[in-house]
Amino acid sequence: MRWAGWSVVIAAERIPAGLRAAAATHGGATYAVDVTDETLAPATRAVALGRQTRSPGAGVNAPLELSSTYIADGPVNYARAGNPTWTAFEEALGSLEGGEALVFASGMAAVSAALSLLPPGGVVVVPHHSYNGTTSLLDELAESGAAVVRRVDPTDHAAVRAALAGAAVLWVESPTNPMLEVSDIAALAAMAREAGATTVCDNTFATPLVQRPLEDGVDVVLHSVTKYLAGHSDVILGALVTPPTQAGRATRERLSRHRLLHGAIAGPFETWLALRGVRTMHLRVERATANATELAARLETHPGVLRVRYPGFGAIVTIEVPGGADGAEQVAASVRLWMHATSLGGVESQLERRRRHASEPATVPESLLRLSVGIEDVEDLWRDLDQALRER
Ligand SMILES: *Cc1c(COP(=O)(O)O)cnc(C)c1O
């Protein structure tokens, strides 16, 4: 059994019954797909991949290649088409997801490229709750007539099936942001395939350490690398990963061409930093998840908390507090160690009231605080949260 630690980290009883087997598989023994070495565990590949060829005097890290162009007649002419630092990062992420990766300038650049798979006026089926930027972009596409957007509850399979009639793309995000709803990704991907739609799965929250959507039949995996992959709140970057199949390679070619021609390319330094982050992702995610599991359990019985949402894996927890928007804002203003900031997935713990963003849907409660649990000492995190929740 490989990666045994994850079966401890994932609290199986919190996962809906239908998803338990899938989560156990992701967290358990089935890391068989590896583009370079099928015998290595994810933790090992995260450390080992994307390095230089071993030769006397070679650096141990990938080069930070800052050239805009290359001497003629090589494999790549110009750096908008390719960069050795990208290749190193893509090798590592591709292996972790069980596919082939493309790095983009941001998560949103990756979202835009993925949505380019939609034909003009095509139908895209999306969860009610998904990343704010994705929702806003889809609103704009719908307004201009570039897309028809059908919003569904991804746990209502009959509704998803109905919405998929004539659809070109199914968008999956699991857990959703910020409501933390968990989808049965394999079931959704199967329905989309039946309907002839391409499935895109935003895997930012779960990371490839917890779930590998390509194994569930998803066509394109999306990451805001900004979050857990890079992990230090110092980089904005995105990525798309496609399966190593003929169909997957055809999709990858379209996405790669989109990157080349629309030009939302990753900076080499950001990419280098992100690969540096990937080296420790398993340690960071493991610690942050352990902290989140502990804090979610304690918050359940805290007198200053009305409701806790935690899917049982990952390091995002949401709480609702008394006093509506003002109550939540007071908590955000009262923390001293936690940071009041938007974003997530960094080593430092952050929280924010999501509805302070006008674009957040009204179905997100006014008093909902999203907690991105970091890797600090859990007792220090608890003491600070506890005093902020009692302050009011
Ligand atoms: C942050 C985020 C994005 C967008 O990524 P950027 O790197 O900020 O452009 C997309 N999806 C999810 C789930 C995110 O959290």
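Numbering of residues begins from 1 in every chain and follows the order in which that chain's sequence is written. Only residues with pLDDT of 70 or above have their local features reported here, since the model is predicted, and side-chain atom pairs are shown and tallied only from 80 upward, although totals for entire chains, interfaces and linings are computed over all residues. The side-chain quantities take in all heavy atoms of the structure and omit both hydrogens and water.

## Describing the domain arrangement of the protein
Part 1: The assigned domain composition of the protein is domain 1 (99–266) and domain 2 (281–390).
Part 2: A separation of 26 Å is found between the C-alpha centroids of domain 1 and domain 2.
Part 3: Domain 1 puts 23 residues into the contact, and the matching count from domain 2 is 29 residues.
Part 4: Accessible surface is computed with a 1.4 Å probe, and the buried area is the amount of it that two parts give up when combined, taken over both parts together. A buried area of about 2,200 Å², summed over both sides, lies between domain 1 and domain 2, and 67% of it is on carbon and sulfur atoms.
Part 5: N or O atoms within 3.5 Å of each other form a polar contact, as long as, within protein, one can give a hydrogen and the other can take it, and as long as residues adjacent in sequence are counted only when both atoms are side-chain atoms. At the junction of domain 1 and domain 2, the tally comes to eight residue pairs in polar contact (both at pLDDT 80 or more).
Part 6: Classification used: nonpolar for Ala, Val, Leu, Ile, Met, Phe, Trp, Tyr, Cys and Pro, charged for Asp, Glu, Lys and Arg, polar for all others including Gly. A breakdown of the residues in the side of domain 1 that touches domain 2 according to their chemical character gives 13 nonpolar, nine polar and one charged. Boundary definitions for the domains trace back to an automatic or database domain assignment. Whether two residues are in contact is decided by their heavy atoms: any pair within 4.5 Å suffices.

## Points about the sheet that holds strand E3 (residues 147–152)
The strands making up a sheet associate through backbone hydrogen bonding, with each pair oriented either parallel or antiparallel.
Part 1: Pairing between two strands requires that DSSP report at least two bridges joining them. Helix and strand assignments follow DSSP, with helices taken as H or I runs no shorter than four residues and strands as E runs no shorter than two, numbered in order from the N terminus. Overall, mixed pairing links the seven strands, which are arranged E1-E7-E6-E5-E4-E2-E3 in an open sheet. Of all the strands in the sheet, the pair left with one neighbour each is strand E1 (100–104) and E3. Averaged over neighbouring strand pairs, the angle between their axes works out to 20° when direction is ignored.
Part 2: Summarising the sheet, E1 and strand E7 (residues 238–242) pair through five bridges and their orientation is antiparallel. Across the sheet, the residue bridging to glutamate 100 is threonine 242, located in E7.
Part 3: Every axis corresponds to a line fitted to the C-alpha atoms, with the helix fit spanning only the stretch in contact, and the corresponding angles, defined between N-to-C directions, vary from 0 to 180 degrees. Strand contacts of helix H4 (residues 84–97): E1, strand E6 (220–224) and E7, with the helix running at about 130° to E1, the strand carrying the most contacts.

## Quick word on the sheet that holds strand E8 (residues 307–309)
Part 1: One open sheet accounts for five strands, arranged E8-E9-E12-E11-E10; its pairing is mixed. The sheet is open, and its two borders are formed by E8 and strand E10 (339–340), each paired with just one other strand.
Part 2: In this sheet, strand E9 (residues 316–320) lies alongside E8 in antiparallel orientation, the contact comprising three bridges. Pairing of arginine 307 across the sheet is with glutamate 320, part of E9.
Part 3: Across the sheet, helix H11 (residues 281–300) touches E8, E9 and strand E12 (368–372), and the angle it forms with E9 is around 15°.

## Digging into the packing of aromatic side chains
Part 1: Here a pair means two rings of Phe, Tyr or Trp (six-membered ring of Trp) with centres within 6.5 Å. Their orientation is stacked below 30 degrees between planes, edge-to-face above 60, and tilted elsewhere. Throughout the structure, instances matching the rule amount to zero aromatic pairs.
Part 2: Definition used: whenever NZ (Lys) or CZ (Arg) falls within 6 Å of the ring centre and also within 35 degrees of the ring normal, the charge is taken to sit over that ring. Between the NZ or CZ atom of arginine 259 and the centre of the ring of phenylalanine 104, over which it lies, the distance is 5.9 Å.

## What about the packing of H11 against helix H13 (residues 378–390)?
Part 1: Between H11 and H13, the shortest axis-to-axis distance is 10 Å and the interhelical angle comes to 35°. Considering how the two elements wind past one another, H11 and H13 form a crossing that is right-handed. Residues Asn291, Glu294, Leu295, Arg298 and Leu299 of H11 form the contact with H13, whose participating residues are Val378, Glu379, Leu381, Trp382, Leu385 and Leu389.
Part 2: Of the residues belonging to the contact of H11 with H13, the class tally is seven nonpolar, one polar and three charged. In this scheme the handedness of a crossing depends on how the near helix is turned from the far one: anticlockwise by less than a right angle means left-handed, clockwise means right-handed.

## Structural notes on the environment of threonine 176
Part 1: Assignment of secondary structure puts threonine 176 in the loop between strand E4 (169–173) and helix H8 (185–195).
Part 2: With 13 residues separating them along the chain, threonine 176 and alanine 189 place their C-alpha atoms 16 Å apart.
Part 3: With sequence-adjacent residues up to four places away left out, threonine 176 is seen in contact with Pro127, His129, Glu181 and Phe205.
Part 4: At a separation of 2.5 Å, a polar atom in the side chain of threonine 176 contacts the side chain of glutamate 181.

## Examining the confidence of the model for the protein
Part 1: pLDDT is a per-residue confidence score from the predictor, ranging from 0 to 100. The predicted model of the protein averages 91 in pLDDT, with 90% of residues at 70 or higher.
Part 2: Low pLDDT, under 50, characterises residues 1–35; the stretch is placed with 79 contacts to residues that sit more than four places away or in other chains.

## With respect to the site of the ligand
Part 1: With respect to spatial proximity, 13 residues lie near the ligand, and among them Gly107, Met108, Asp202, Thr226 and Lys227 are the closest.
Part 2: Between methionine 108 and the ligand, the recorded distance is 2.8 Å, taken from a backbone N or O atom to an oxygen atom.
Part 3: Between an oxygen atom of the ligand and a side-chain N or O atom of serine 224, the distance comes to 2.9 Å.
Part 4: Considering the ligand on its own, with 380 Å² of exposed area, one finds that the protein chains cover 93% of that surface.
Part 5: Classifying every residue of the shell around the ligand gives five nonpolar, five polar and three charged. One heavy atom suffices: a residue is near a molecule or strand as soon as one of its heavy atoms comes within 4 Å of it. Only the protein chains shown count as cover for residues, and all accessible areas are computed by the Shrake-Rupley method using a 1.4 Å probe.

## Structural notes on the packing of H4 against helix H10 (residues 268–278)
Part 1: At a minimum axis separation of 9 Å, H4 and H10 run at an interaxial angle of 35°. Taken as a pair, H4 and H10 cross one another with a handedness that is left-handed. Only Pro268, Thr271, Trp272, Ala274, Leu275 and Val278 of H10 make contact with H4, whose side of the interface consists of Thr85, Trp86, Ala88, Phe89, Ala92 and Leu96.
Part 2: Looking at the contact of H4 with H10 residue by residue, the class counts come to 10 nonpolar, two polar and no charged.

## Section: H10
Part 1: Under the scheme applied here, a residue whose accessible area is under 20% of the maximum for its type counts as buried, over 50% as exposed, and between as partly exposed, the area being computed with a 1.4 Å probe on protein chains only. Along H10, the residues that are buried comprise Thr271, Leu273, Ala274, Leu275, Gly277 and Val278.
Part 2: Where H10 is buried, its residues contact helix H3 (42–48), H4, E1 and H11.

## Some details on the pattern of salt bridges
Part 1: Every case where a carboxyl oxygen of Asp or Glu lies within 4 Å of a side-chain nitrogen of Lys or Arg is listed as a salt bridge. Tallying each qualifying case throughout the model produces 18 salt bridges.
Part 2: The partner of glutamate 100 in a salt bridge is arginine 249, and the shortest N-O contact between them spans 2.5 Å. Of this pair, glutamate 100 sits in strand E1 while arginine 249 is found in helix H9 (residues 246–262), placing the two residues 149 residues apart along the sequence.
Part 3: A relative accessible area of 18% means that glutamate 100 is categorised as buried.
Part 4: Put simply, arginine 383 and aspartate 380 hold a salt bridge, and the shortest N to O gap is 2.6 Å. Remark: aspartate 380 and arginine 383 occur in helix H13; sequence separation between them is three residues, near one turn of the helix.
Part 5: Its relative accessible area of 35% is what places aspartate 380 among the partly exposed residues.

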